[in-house]
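Each chain is listed here by its residues.
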Amino acid sequence: METYALLWAATMNAGTVLALASLGLLINEKAGIVNLGAEGMMLCAAIAGFATVATTGSDVLGLLAGMAAGGLMAALFGLLVIWMNTNQYATGLALSLFGGGFSAFVGTSFVQAKLPERMQFEVPFLADLPLIGPALFRHHPLVYGAIALTFALIYFLYRTRAGLVLRAVGESPESAHALGYPVRRIRLLAVIAGGSLCGLAGAYISIVYTPLWVEGMIAGKGWIALALTTFATWRPARVLLGAYLFGGVTMLQFHLQASGVDVPSQFLSMLPYLATIVVLALISRNPRWLRVNMPASIGKPFFPGT
């Protein structure tokens, strides 16, 4: 039983990375913008966060630096696709490639760097409970922060005027513009907010999840986060559940290897990506269901006055 408690704890830890990035991308897509640059933003945020902690010793500053790096790259993406009307998909792919190369270049001098001793977090009293204590109450505060952020985003999107305006911009930017809302500025703010969350996810990986810097350490998690928004049909609560599902699949490979299961390690390593493909294939069997849940203007440019 203790093994399963540790597996669930690892699942929550791995799922937090995907949840933060996916919620950021969901904000983008609710505003009608598709950002395929998540992988690059997370890589740049990972090295920015790691370098900051290695230099200052402050995890808080490292996480903020990761958010700033993600937000800055997202702002550049937003200016290109929202004001210059470049193709969203091509620009996002370019951002992802740039992030991979730039992070590798900047991170060369930090490959052997070590972070200060990691602080252990636990909820008083609850952490000592048998089984559920190690499973639920010995996590970094951002694990609980991702859960709180999910509920906050649900409230924002469906219970506030600002959330209604954001969804309106994603559904019908022409109508929102006719009512006097600054569509381009709202979309840019949504893109920056989403990029900051992707940056937070990237910094979490290099500071908390695996506290080191290795070139390409995001290892496709940005692409999985993109798939997860579709898997969750653009609903925050489903994003969180999906993040834990994919996080569990990721951790299962290590659990099976530790248990001595005679399966090639290469097969176990591809399980998260195989699960992503299977889920997307199953969802795509019903295009009408996707169209009903997808923001109507997603991926489409907006030309004021048309």
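Here the structure is a predicted model, which is why all the values come from computation and not from measurement.

Rules used in this analysis
Residues numbered from 1 in each chain as written. Predicted model: local features only at pLDDT ≥ 70, side-chain atom pairs only at ≥ 80, totals over all residues. Heavy atoms only, no water. Phe/Tyr/Trp six-rings, centres within 6.5 Å; stacked < 30°, edge-to-face > 60°. Helix = DSSP H or I, 4+ residues; strand = E, 2+ residues; numbered from the N terminus. Buried < 20%, exposed > 50% of the residue type's maximum accessible area, 1.4 Å probe, protein only. Salt bridge = Lys/Arg side-chain N within 4 Å of Asp/Glu carboxyl O.

This part takes up the packing of aromatic side chains. Aromatic rings considered in pairs are described by the distance between their centres and by the relative angle of their planes. For the structure on display, the rule yields 3 aromatic pairs. Aromatic side chains Trp-8 and Tyr-244 sit 6.0 Å apart centroid to centroid with 55° between the ring planes, which places their arrangement in the tilted category. Linking Trp-8 in helix H1 (residues 2-30) with Tyr-244 in helix H11 (residues 236-258), this pair joins segments that are 236 residues apart in sequence. According to the relative accessible area criterion, Trp-8 is partly exposed, its value standing at 36%. Arranged with centres 5.4 Å apart and planes meeting at 15°, the rings of Phe-98 and Phe-102 form a pair that is stacked. Here Phe-102 and Phe-98 lie together in helix H4 (residues 88-106), a separation of 4 residues that amounts to about one turn.

Here we take up the pattern of salt bridges. Applying the stated criterion across every chain yields a total of 1 salt bridge. For Asp-59, the salt bridge goes to Arg-118, with nearest N and O atoms at 2.8 Å. In this pair, Asp-59 is assigned in helix H3 (residues 59-83) and Arg-118 in the loop between H4 and helix H5 (132-136), connecting sequence segments 59 residues apart. Judged by relative accessible area, which is 23%, Arg-118 ranks as partly exposed.

Worth remembering: the numbers are spatial, not functional.
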